[in-house]
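# Chain and residue survey
Letter by letter, the chains look like this.
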Amino acid sequence: MSRSIKKGPYVDKKLLEKVMKQKESGVHESLRTWARSCTIIPEFVSHTFMIHNGKVFNKLFVTDDMVGHKLGEFSLTRTFRSHSGKKK
């Protein structure tokens, strides 16, 4: 179920403050975050995030096409090993 339109997209306040601080200073360092449910907004475009997947941080550079998606969609939490079957 998606979030109500009346409420608007969920954006982590601390993460938004860090992005705005980086825009003012002009430095674009990677921002580490555990906020996987945070929605990508236009202010996040051209910033690099390190998104935690439960084990490690995956690097993500945000582009225009990603606006409206969640940060967690781009940092997979499960690793596909393989289906069982014939071994060569």
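The structure presented is a predicted model; accordingly, all values stated were derived computationally and were not measured.

Thresholds applied
Residues numbered from 1 in each chain as written. Predicted model: local features only at pLDDT ≥ 70, side-chain atom pairs only at ≥ 80, totals over all residues. Heavy atoms only, no water. Helix = DSSP H or I, 4+ residues; strand = E, 2+ residues; numbered from the N terminus. Buried < 20%, exposed > 50% of the residue type's maximum accessible area, 1.4 Å probe, protein only. Polar contact = N/O pair within 3.5 Å; in protein donor to acceptor, adjacent residues only side chain to side chain. Contact = heavy atoms within 4.5 Å. Expected span 1.5 Å × (residues − 1). Arc of directions from axis to C-beta. Core = buried A, V, L, I, M, F, W, Y, C linked by side-chain atoms within 4.5 Å.

### As for the side chain of Thr39
Within the element layout of this structure, Thr39 appears in the loop between strand S1 (31-33) and strand S2 (48-52). The exposure class assigned to Thr39 is buried, which follows from its relative accessible area of 7%. At 3.1 Å, the side chain of Thr39 and the side chain of Lys70 are in polar contact. Discounting residues that sit within four places of it in the chain, Thr39 has contacts with Pro9, Tyr10, Val11, Phe44, Gly68, His69 and Lys70.

### Things to note about helix H1 (residues 13-25)
End to end, H1 covers 19 Å across 13 residues, agreeing with the expected 18 Å (1.5 Å per residue, within 8%). Every buried residue belonging to H1 is among Leu15, Val19 and Gln22, and all of these are buried. For H1, the angular spread of buried residues about the axis comes to 60°, placing them on one side. Across H1 from its buried face, at more than 90 degrees, point the exposed residues Lys13, Lys14, Glu17, Lys21 and Glu24. Following H1 by one or two positions, Gly26 adopts a phi angle in the positive range, close to 85°.

### Some details on unusual backbone geometry
Of note in the backbone geometry, Ser46 takes a positive phi value of approximately 70° without being a glycine. Tracing the backbone shows Ser46 in the loop between S1 and S2. Since its relative accessible area comes to 37%, Ser46 is described here as partly exposed.

### Overview of the nonpolar core
Counting residues in hydrophobic clusters, the biggest one holds 16 residues, and the most contacted among them are Leu15, Cys38, Phe44, Phe49, Val62 and Leu71. Looking at this core, the elements that each hand over two or more residues are H1 and S2. Apart from the residues lying within four places of it in its own chain, the contact partners of Phe49 are Leu15, Val19, Leu31, Phe44, Asn58, Lys59, Leu60, Val62 and Leu71.

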